[in-house]
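Single-letter residue listing:
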Amino acid sequence: MINPVPLYKEMFSKMGPQYWWPADSKMEIVIGAILVQNTNWNNVDMALTNLRDETQLDVKEILKLSDEQLQTLIRPSGFYVNKSKSLRAVLSWFDQHECDFSQMVGEYGDKLRETMLALPGVGEETADSLVVYVFDQPAFIADKYARTLFTYLGFRGLSNYHKLQQRIILPEDFSYQDAQEFHGLIDEFGKKHLKDKQQFKESFLGTFDRKVLNVKG
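Starting afresh in each chain, residues are numbered from 1 along the sequence in its written order. Local features are withheld for residues below a pLDDT of 70 in this predicted model, meaning they are given only at 70 or higher, and side-chain atom pairs are given and counted only at 80 or more; totals for whole chains, interfaces and linings count all residues. The side-chain numbers reported here are obtained from all heavy atoms of the structure, hydrogens and water having been left aside.

A. Broad picture of the packing of helix α3 (residues 41-55) against helix α5 (residues 67-74). Fitted lines through C-alpha atoms serve as axes, helices being fitted only where they are in contact, and the angles separating the N-to-C directions of these axes extend from 0 to 180 degrees. Helix and strand definitions follow DSSP, with helices as H or I runs of at least four residues and strands as E runs of at least two, each counted in order from the N terminus. Two elements in contact, α3 and α5, have axes whose closest approach is 7 Å; the angle formed by their N-to-C orientations is 135°. One way to sum up the angle between α3 and α5 is to call them oblique. Each of Ala 47, Asn 50, Leu 51 and Glu 54 in α3 lies in contact with α5, whose residues at this interface are Leu 70, Leu 73 and Ile 74. Each residue belonging to the contact of α3 with α5 can be placed in one class, and the counts come to 5 nonpolar, 1 polar and 1 charged. What sets the label is the angle itself: under 35 degrees gives roughly parallel, over 145 gives roughly antiparallel, 65 to 115 gives roughly perpendicular, and the rest give oblique. Residues count as neighbours in contact if any of their non-hydrogen atoms are within 4.5 Å of one another. Amino acids are sorted into nonpolar (Ala, Val, Leu, Ile, Met, Phe, Trp, Tyr, Cys and Pro), charged (Asp, Glu, Lys and Arg) and polar (every other residue, Gly among them).

B. Expanded view of the packing of α5 against helix α6 (residues 80-96). Packing of α5 against α6 leaves a shortest axis separation of 9 Å and a crossing angle of 115°. Between α5 and α6, the angle falls in the class roughly perpendicular. Helix-helix and strand crossings are classified by hand; for α5 and α6 the assignment is right-handed. Touching Asp 67, Leu 70, Gln 71 and Ile 74 of α5 are Tyr 80, Val 81, Lys 83, Ser 84, Leu 87 and Arg 88, all from α6. Class assignment of the residues belonging to the contact of α5 with α6 gives a composition of 5 nonpolar, 2 polar and 3 charged. With the far helix as reference, a near helix turned anticlockwise by less than a right angle produces a left-handed crossing, and one turned clockwise produces a right-handed crossing.

C. Region of the structure containing the UniProt feature "domain: HhH-GPD" (unreviewed entry) in the protein. Those places that UniProt annotates as "domain: HhH-GPD" (unreviewed entry) correspond, in this numbering, to residues 35-192. As annotated, residues 35-192 has a helix share of 65% and a strand share of 0%, and its two end C-alpha atoms lie 23 Å apart. UniProt positions are given in the numbering used here, feature names are shortened, and annotations may be inferred rather than shown by experiment.

Right under this line is the structure:
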């Protein structure tokens, strides 16, 4: 098992706050989390701009769009047919609850993540991103950068999202703000230092002692 807190503290001390996720509202985060799957943020930004110009990212206005209209607007993000179906299903779920995020946390409790995973097109990474950035709950987002980072630190068998996430232990005092910052730190670090193992070795984490992360169990 892995306690990532010493790594988080080291990264935060060297890099400072990242103020992630880049968005003006929680609903923009929801939409972006769907659109960013299998693409880069530049493409998502174009799709978000299209949606914003047409609907101001208002959930009810987006849901009024025809399938063809929605697909055209989000086309820059790629896989626009499947993403339009997922976006419509996810936004319909939020709309059923009047986008009252705190009320949804109270209603679903520890079933919140499981409920989101049952929605079309919502995988573990998307669900955890929404848990952390929309519902303000602590969780570890075991995305590709995170898996690469922990692999370079010497941990083995991290071939998919679940295999890393199930090994992470977050302490009770690890807040959702910490979770937001940690994800931002890992992704910003990844962009600069995780293209290959040599690049990682030359970074400030190249000599980080992974032993401080080990937890028996």
